[in-house]
Amino acid sequence: MSNNMNITYRLGERMYLNITNRCTNRCLFCIRNTVDDGLGVDLWLPQEPDAAEVIQAIQSAEGFPEFPEIVFCGYGEPLLRPDVVTEVARFLKERNLKVRLNTNGQANLIHGRNVVSEFAPYVEAVSISLNAQDADTYTELCRPIGGKDAYQAVLEFAVECQRVIPRVTLTIVDWPGIDAQLCRQKAQSLGADFRVRSLTGKFENR
Ligand code: SF4
């Protein structure tokens, strides 16, 4: 069993879950590239926790279960581990807790199957990092391992989420080259909400 304390962390009233440090992007603005503390907590996992370990960490977290929302987040892309997300989200939903998933939206491309239908019954909200108005900009800024196919996959993932999940939000960060207005229009055309996220931490190249 992992004895790592950073599987869960708290920001404001919410609990956040950190289940992997891996990602299929290498975004220029990733918090993992910050030269200071980023969030101010060490989220590098010595090993990835399995679902039972995540659930144990949640149950032993101070304040549990009095959280308005529990969020799968990072350092890293939670849907690289869809089985863990689904099992943990089911545990939370059975206790009437609201679950949000923050994702880069590439899971269906990466896994070659529709993973949305697996976690959707247990998840109230999904926040998808759109981060660009077009595939070229996305590829340049996010450097996905899936190359230029990744952006279209993110849009299709958003459409799939929109069908089965109550709240879907597309997000961007404030970064040179990202056109907020065009991204907002793209979110609206998909019927999703839109939000500009604030960047956390200091970047060497900024
Ligand atoms: S998608 Fe998120 S975790 Fe992955 S590289 Fe980009 S900012 Fe970092």
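Every value quoted in this text rests on a predicted model; they were computed, and no experiment measured them.

Trainee: Explain the overall build of the protein to me, please; I cannot follow it from the model alone.
Mentor: Across its full length, the protein carries 7 helices and 7 strands. Tracing the protein from N to C terminus, the helices and strands come up as β-β-α-β-α-β-α-α-β-α-α-β-α-β. At 16 Å, the protein has a C-alpha radius of gyration in line with the 17 Å of a compact globule built from 206 residues. Looking at the protein as a whole, 49% of its 206 residues are labelled buried. Considering only contacts in the protein between residues 6 or more positions apart, those separated by 24 or more positions represent 79%. Carbon and sulfur atoms make up 45% of the accessible area of the protein, which amounts to about 9900 Å² in all. Positive and negative side-chain charges of the protein, numbering 22 and 26 respectively, have mean locations separated by a distance of 2 Å.

Trainee: Would you mind going over the site of the ligand with me for this structure?
Mentor: In the vicinity of the ligand, the contacting residues are Cys-23, Asn-25, Arg-26, Cys-27, Cys-30, Arg-32, Gly-76 and Asn-104. Of the residues belonging to the shell around the ligand, the class tally is 3 nonpolar, 3 polar and 2 charged.

Trainee: Can you help me understand the nonpolar core in this one?
Mentor: Nonpolar side chains in soluble globular proteins generally cluster together in the buried interior. Among the nonpolar cores identified, the biggest contains 58 residues, and Val-88 and Phe-119 are the most heavily contacted of them. The element contributing the most residues to this core is helix 6 (residues 149-164), with 7 residues. Each residue touching Phe-119, except ones within four places of it in the same chain, is listed here: Leu-79, Val-85, Thr-86, Leu-101, Val-126, Phe-157 and Ile-165. Within the second largest apolar cluster, 5 residues are counted, among which are Tyr-9, Leu-43, Val-71 and Tyr-75.

Trainee: Quick question: what am I supposed to make of the pairing of strand 1 (residues 8-11) here?
Mentor: Relative to strand 2 (residues 14-17), strand 1 runs antiparallel, the two being bridged by 4 bridges. Residue Arg-10 lies in a different strand from strand 2, and its bridge partner there is Met-15. The turn joining strand 1 and strand 2, which pair antiparallel and follow one another in sequence, is formed by 2 residues; a positive phi near 60° is taken by Gly-12.

Trainee: What should I look at first to understand a nonpolar patch on the surface in this one?
Mentor: Taken together, the side chains of Leu-109, Ile-110 and Ile-145 make up a nonpolar region of the molecular surface, amounting to roughly 260 Å² of accessible area. Classification of Ile-110 by relative accessible area gives partly exposed; the value is 32%.

Trainee: How should unusual backbone geometry be read in this particular structure?
Mentor: The phi torsion of most residues other than glycine is negative, and most of the peptide bonds are trans. The step from Phe-64 to Pro-65 runs through a cis peptide bond, and the omega angle for that step is 10°. Tracing the sequence through the fold places Pro-65 in the loop between helix 1 (51-60) and strand 3 (70-72). Non-glycine residue Asn-131 carries a positive phi angle of around 65°. Locating Asn-131 in the fold gives a position in the loop between strand 5 (125-129) and helix 5 (135-142). Relative accessible area serves as the criterion here: at 2%, Asn-131 is assigned to the buried category.

Trainee: I would appreciate a short explanation of the sheet that holds strand 4 (residues 99-103) in the present structure.
Mentor: Strands belonging to one sheet form pairs held by backbone hydrogen bonds; the direction of such a pair is parallel or antiparallel. Taken in spatial order, the 7 strands line up as 1-2-3-4-5-6-7 in an open sheet, and their pairing is mixed. Every interior strand has two partners, whereas the edge strands, strand 1 and strand 7 (193-197), have only one. Each neighbouring strand pair of the sheet contributes to a mean axis angle of 25°, computed without reference to strand direction. Here strand 2 runs beside strand 3; their pairing, made up of 3 bridges, is parallel. Residue pairing across strands places Met-15 opposite Ile-70, the latter belonging to strand 3. Docked against the sheet, helix 6 engages strand 4, strand 5 and strand 6 (167-173), running at close to 170° with respect to strand 5.

Trainee: Whenever I open this one, the pairing of strand 5 confuses me. Can you help?
Mentor: The side chains of a regular strand alternate, first on one face of the sheet and then on the other. A large share of strand 5 lies buried, amounting to 5 of its 5 residues. The side-chain alternation of strand 5 yields two buried faces, one formed by Ala-125, Ser-127 and Ser-129 and the other by Val-126 and Ile-128. Relative to strand 5, strand 4 is paired through 4 bridges, and the arrangement is parallel. By the bridge assignment for strand 5, Thr-103 is matched with Ile-128. Across 5 bridges, the pairing between strand 5 and strand 6 is parallel. In the strand pairing of strand 6, Ala-125 is matched with Arg-167.

Scoring rules and cut-offs
Residues numbered from 1 in each chain as written. Predicted model: local features only at pLDDT ≥ 70, side-chain atom pairs only at ≥ 80, totals over all residues. Heavy atoms only, no water. Helix = DSSP H or I, 4+ residues; strand = E, 2+ residues; numbered from the N terminus. Rg over C-alpha atoms; globule rule 2.2 N^0.38 Å. Buried < 20%, exposed > 50% of the residue type's maximum accessible area, 1.4 Å probe, protein only. Contact = heavy atoms within 4.5 Å. Areas by Shrake-Rupley, 256 points an atom, 1.4 Å probe, with all protein chains shown as cover. Lys, Arg positive; Asp, Glu negative; His and termini not counted. Charge placed at Lys NZ, Arg CZ, Asp CG, Glu CD. Near = heavy atom within 4 Å. Nonpolar A, V, L, I, M, F, W, Y, C, P; charged D, E, K, R; others polar. Core = buried A, V, L, I, M, F, W, Y, C linked by side-chain atoms within 4.5 Å. Pairing = 2+ DSSP bridges. Patch = residues over 30% accessible without salt bridge, like charges linked within 9 Å, V, L, I, M, F, W, Y side chains within 5 Å. Salt bridge = Lys/Arg side-chain N within 4 Å of Asp/Glu carboxyl O. Axes fitted to C-alpha atoms, helices over the stretch in contact; angles between N-to-C directions.

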